[in-house]
Amino acid sequence: MAVVKSTSKQLDLLARLMRAEAEGDGQLGMLLVGNVGVNRVLADCLDFRNIRNLEEMVFQRPGGFEATTKSYFYQRARDVDRNLARRVINGERFSPGERSLWFFDPGGDCPPQWYNQWNTGRFKAHCFYSPTIADCPSV
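Residues numbered from 1 in each chain as written. Predicted model: local features only at pLDDT ≥ 70, side-chain atom pairs only at ≥ 80, totals over all residues. Heavy atoms only, no water.

Draft legend 1. The overall build of the protein, seen in detail. Helix and strand counts for the protein stand at four helices and four strands. Mapped in sequence order, the helices and strands of the protein form the string α-α-α-α-β-β-β-β. What you see for the protein is a C-alpha radius of gyration of 14 Å, in line with the 14 Å of a compact globule of 139 residues. Projected onto the principal axes, the alpha-carbon positions of the protein cover approximately 35 × 30 × 25 Å. Residue pairs in contact within the protein that sit at least 24 positions apart in sequence constitute 66% of those at least 6 positions apart. Total accessible area computed for the protein in this model is approximately 7,100 Å², and 50% of it derives from carbon and sulfur atoms. For the protein, the separation between the mean place of its 18 positive charges and that of its 16 negative charges on side chains is 4 Å. (Helix = DSSP H or I, 4+ residues; strand = E, 2+ residues; numbered from the N terminus. Rg over C-alpha atoms; globule rule 2.2 N^0.38 Å. Contact = heavy atoms within 4.5 Å. Areas by Shrake-Rupley, 256 points an atom, 1.4 Å probe, with all protein chains shown as cover. Lys, Arg positive; Asp, Glu negative; His and termini not counted. Charge placed at Lys NZ, Arg CZ, Asp CG, Glu CD.)

Draft legend 2. Quick look at the packing of helix α2 (residues 26-43) against helix α4 (residues 79-89). At their nearest, the axes of α2 and α4 sit 9 Å apart, and the two run at 45 degrees to each other. Judged by the inter-axis angle, α2 sits oblique to α4. Pair α2 / α4 crosses with right-handed handedness. Across from Gln 27, Met 30, Leu 31, Gly 34, Asn 35 and Val 38 in α2, the residues of α4 making contact are Val 80, Asp 81, Leu 84, Arg 87, Val 88 and Ile 89. Residue composition of the contact of α2 with α4, grouped by class: seven nonpolar, three polar and two charged. (Axes fitted to C-alpha atoms, helices over the stretch in contact; angles between N-to-C directions. Parallel < 35°, antiparallel > 145°, perpendicular 65-115°, else oblique. Left-handed = near helix turned anticlockwise from the far one by under 90°. Nonpolar A, V, L, I, M, F, W, Y, C, P; charged D, E, K, R; others polar.)

Draft legend 3. Inspection of the sheet that holds strand β4 (residues 126-130) at higher detail. The sheet built from four strands is open, its strands ordered β1-β4-β3-β2 with antiparallel pairing. The sheet terminates laterally at β1 (102-104) and β2 (113-114), the two strands that pair on one side only. Bridge count between strand β3 (residues 117-123) and β4: five bridges; the pairing is antiparallel. Bridged to Gly 121 within β4 is Phe 128. Here α2 sits on the sheet in contact with β1, β3 and β4, set at roughly 145 degrees to β1. (Pairing = 2+ DSSP bridges.)

Draft legend 4. How the structure looks around the pattern of salt bridges. What the rule picks out here adds up to nine salt bridges. With its nearest N and O atoms 3.1 Å apart, the salt bridge here joins Asp 81 to Arg 19. Of this pair, Asp 81 sits in helix α4 while Arg 19 sits in helix α1 (residues 8-22), and the two are 62 residues apart along the sequence. The same class applies to Asp 81 as to Arg 19, namely buried. A salt bridge links Arg 78 to Asp 81; the shortest N-O distance between them is 2.9 Å. For Arg 78, a relative accessible area of 34% translates into the label partly exposed. Since its relative accessible area comes to 1%, Asp 81 is described here as buried. (Salt bridge = Lys/Arg side-chain N within 4 Å of Asp/Glu carboxyl O. Buried < 20%, exposed > 50% of the residue type's maximum accessible area, 1.4 Å probe, protein only.)

Draft legend 5. Spatial organisation of the nonpolar core. Core analysis: the largest hydrophobic core is formed by 41 residues, its most contacted members being Leu 14, Leu 17, Met 18, Leu 54, Met 57, Val 88 and Leu 101. Of all the elements in the fold, those that place two or more residues in this core are α1, α2, α3 (54-58), α4, β1 and β4. In terms of residue count, the dominant contributor to this core is α2 (eight residues). (Core = buried A, V, L, I, M, F, W, Y, C linked by side-chain atoms within 4.5 Å.)

Draft legend 6. Representation of α2. For α2, which comprises 18 residues, the first-to-last C-alpha distance of 26 Å matches the rise-based estimate of 26 Å (1.5 Å per residue) to within 8%. Of all the 18 residues making up α2, 14 are buried; the element is thus mostly covered by neighbouring parts of the structure. Just downstream of α2, Asp 44 is the residue with a positive phi angle, here 50 degrees. (Expected span 1.5 Å × (residues − 1).)

Any functional reading would require information beyond the geometric quantities listed.
Right, here's the structure in full:
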């Protein structure tokens, strides 16, 4: 059962985002990016108070994803990408992205905090950051 509602178009957007942001980190890296995206729709806190669906999340400005400014993002979603996106839409969560709202590639060690959020772990190139339960209880 889906944890966020999605249309076919929104599923494709999430699939394309996951690939564009983390294809180099493999399928688990892409699933972690998907966790962050779904968490932003669920969050209703901090920078994500006005995000109500996957399309708003993908194209959020300011604070959205850099991949949406690159041509690679605008390629058609592949079946494998859609299947990964369905998994996170249906509620599968993966460590360290279970509650994460942010990730980035620091090009080195993960800082302990990023924009006042604590590091919850690293997967390959990306460091993940999660809010406290007090700040974001709905994630």
